[in-house]
Amino acid sequence: MKKTAMILTAIIICLSWPDFIRAYQSFPDTGQSKCYNNTEEITCPDSGPFYGQDAHYQPRVPQSYTKLGYGGEVLADNAVHVDDGGPWIMTRDNVTGLIWEVKTEESGLRNNNNTYTWYDPDPEINKGDAGEQNGGQCSGSDCDTYSYIQALNQQSFGGCSDWRMPGRQELSSLANRDDYAPSIDTQWFPHTRASNYWTGDTFAMNNVGAWRVDFFHALVGGADKRGADKPVVYHARAVRGGPSEFLPHLTDNQDGTVTDHNTGLVWQKCSHGQTWDEATNECSGTPTAYNWQDALAAAESLRWANHTDWRLPDINELQTLIDDTTSNPAILDILADDTISGYYWSSTTYPGSMDRAWSVYFLNGFIAPRIKTNENNYYVRAVRGGDTFIYSEAKALPGLFMLLFD
């Protein structure tokens, strides 16, 4: 019995609890708690103009983190960072279940100023373009992302050897959209550069590019894997645990709505402005384009599939619909026929420029802020519902140990 316990302990030390109990969400809440009009912050209105934005629906699944030490040891929230002689070297996201490397100001492999070229020799990942190899000893910036992950695993950073590059959705889940420069909670992710970080995902629209997240603004877009005159270098943050990507489980409800069973969200199958034909189970007509204020109002006033609690999705909810493996439109297949390859509004304002709100460009999946009063206007897909679940280690542990030692 003791031998079994020792073996299981050795296994558990490099597994996050959600690896056993797969209860997590693909995205936490955006973190936005303020309201805005077209140019500035305002008191959140109870109704009328500018009602229905991100801060009015707070929070669906709040951001939540835990500090970890070597081997996944759970630390107190006031645990001291390794730079100051403390044990804190990793951060667990309690919503997604992912465990993240914490950067350091000490010289060497994990220094926060280090930059890397994008490289991965696996054709399943690089889709035909491996990027730019820049290996070496990988003790600092003279390195590529593949060699960096290899180095972390060879030294068993944190007591574990299953580190990897994050996917686009995983890395962008760390963005805190109530702040910018950097657009991340530095209480849990100190020494984060307000700059670009590579993901491990190749850009579907063109295999010479890879996805990156800019933690100055929280922009999510593509970048060339290699440069014409000099290498393209960005920062990197390793991750472990959880699935390699979060794939929604969508069901067509045959009433003009689609349910994502992973998030609990119910989506309007049609783009706003189209009509639903029950006889053919299809959307018809042309989607309507709106400015941001009118998009909020259109979603709030929507009567669809016998429900009246529709709203404009926040940017984290909206990006769960992106399909990173395709483009034009870069959206999950069940919604592709009724999606314009253009910009769709979210309810989330960009605080770095309050005249802009976040949108998803469904041509390629880019996430960018757009001017709220833009004359070109953008599209709407309304949403309702959503889970309020957050992973609870306290609830999971007793059942886990009964399973292991029964």
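The shown structure was predicted, so the numbers you read here are calculated from the model rather than taken from an experiment. (Residues numbered from 1 in each chain as written. Predicted model: local features only at pLDDT ≥ 70, side-chain atom pairs only at ≥ 80, totals over all residues. Heavy atoms only, no water.)

Let's talk about the packing of aromatic side chains
The final tally for this structure, using the stated rule, is 19 aromatic pairs. Taking 5.4 Å as the distance between ring centres and 40° as the angle between the ring planes, the aromatic pair formed by F203 and F366 counts as tilted. Of this pair, F203 sits in the loop between β6 (196–202) and β7 (209–214) while F366 sits in strand β17 (residues 366–371), and the two are 163 residues apart along the sequence. A relative accessible area of 10% means that F203 is categorised as buried. Where Y344 meets Y379, the ring centres are 5.6 Å apart and the plane angle is 40°; that geometry is what we call tilted. Separated by 35 residues along the polypeptide, Y344 in strand β15 (residues 343–349) and Y379 in the loop between β17 and β18 (383–385) bring together distant segments of the chain. Given the relative accessible area of 0%, Y344 is considered buried. The ring of Y57 is capped by R311, whose NZ or CZ atom sits 5.2 Å from the centre of that ring. Its end group placed over the ring of Y343, R370 keeps NZ or CZ at 4.3 Å from the ring centre. (Phe/Tyr/Trp six-rings, centres within 6.5 Å; stacked < 30°, edge-to-face > 60°. Helix = DSSP H or I, 4+ residues; strand = E, 2+ residues; numbered from the N terminus. Buried < 20%, exposed > 50% of the residue type's maximum accessible area, 1.4 Å probe, protein only. Lys NZ or Arg CZ within 6 Å of the ring centre and 35° of its normal.)

Quick notes on the sheet that holds strand β11 (residues 257–260)
With antiparallel pairing, 4 strands are arranged side by side in an open sheet as β10-β11-β12-β18. Edge strands, defined here as strands with exactly one partner in the open sheet, are β10 (250–252) and β18. Strand-to-strand, the axes of this sheet are offset by a mean angle of 25°, without reference to chain direction. Relative to β11, β10 is paired through 3 bridges, and the arrangement is antiparallel. Across the sheet, the residue bridging to T251 is T259, located in β11. (Pairing = 2+ DSSP bridges. Axes fitted to C-alpha atoms, helices over the stretch in contact; angles between N-to-C directions.)

Description of the nonpolar core
Grouped together as the largest cluster of nonpolar side chains are 36 residues, with contacts concentrated most on L174, F215 and F362. At the level of elements, β7, β12 (265–268), α7 (315–318), α8 (333–336) and β16 (356–361) are the ones that each hand at least two residues to this core. In terms of nonpolar packing, the next biggest core, distinct from the first, is built from 24 residues, C138, Y148, C160 and A236 among them. (Core = buried A, V, L, I, M, F, W, Y, C linked by side-chain atoms within 4.5 Å.)

Digging into the state of the cysteines
If you walk through the whole model with that rule in mind, you get 2 disulfides. The side chain of C35 participates in a disulfide bridge whose partner is C44; the two sulfur atoms lie 2.0 Å from each other. Its S-S torsion of approximately 100° makes the covalent link between C35 and C44 right-handed. Here C270 is linked by a disulfide to C283, with a sulfur-sulfur distance of 2.0 Å. Handedness here is read from the sign of the S-S torsion; for C270 and C283, about -90°, the answer is left-handed. Here the residue C270 occupies a position in the loop between β12 and β13 (275–277), and C283 occupies one in strand β14 (residues 282–284), the gap between them amounting to 13 residues. For the pair shown, C270 and C283 are each scored as buried. (Disulfide = S-S within 2.5 Å.)

Details of helix α4 (residues 145–154)
Of all 10 residues that make up α4, 7 are buried, and the element is covered over most of its length. If you check which residues of α4 are buried, you get T145, S147, Y148, I149, A151, L152 and N153. Buried residues belonging to α4 abut β5 (99–101) and β6. The backbone nitrogen of Y146 lies 3.1 Å from a side-chain oxygen of the residue at the head of α4, namely D144. Within two residues after α4, S156 carries a phi angle of roughly 50°, on the positive side. (Contact = heavy atoms within 4.5 Å. Polar contact = N/O pair within 3.5 Å; in protein donor to acceptor, adjacent residues only side chain to side chain.)

Focus on the confidence of the model for the protein
Considering every residue of the protein, the mean pLDDT works out to 87; 86% of them sit at 70 or more. Low pLDDT, under 50, characterises residues 16–23; the predicted model gives this stretch 25 contacts beyond four residues in sequence or across chains. pLDDT under 50 marks residues 388–406. Its contacts with residues more than four places away, or in other chains, come to 29 contacts. (pLDDT = per-residue confidence, 0-100.)

A short note on the pairing of β6
The two faces of the sheet receive side chains in turn, since in a regular strand these alternate between them. Of all 7 residues that make up β6, 6 are buried, and the element is covered over most of its length. Taken together, β6 and the strand that follows it, β7, pair antiparallel across an intervening segment of 6 residues.

Some words on the pairing of β12
Side-chain alternation along β12 places L265 and W267 on one buried face and V266 and Q268 on a second face that is also buried. Where β11 meets β12, 3 bridges bridge the pair, whose relative direction is antiparallel. Bridge pairing in β12 places T259 opposite V266. Between β11 and β12, which pair antiparallel one after the other, the connecting turn spans 4 residues, and G264 there sits at a positive phi close to 80°. Where β12 meets β18, 3 bridges bridge the pair, whose relative direction is antiparallel. Residue pairing for β18: L265 is matched across the bridge by G385.

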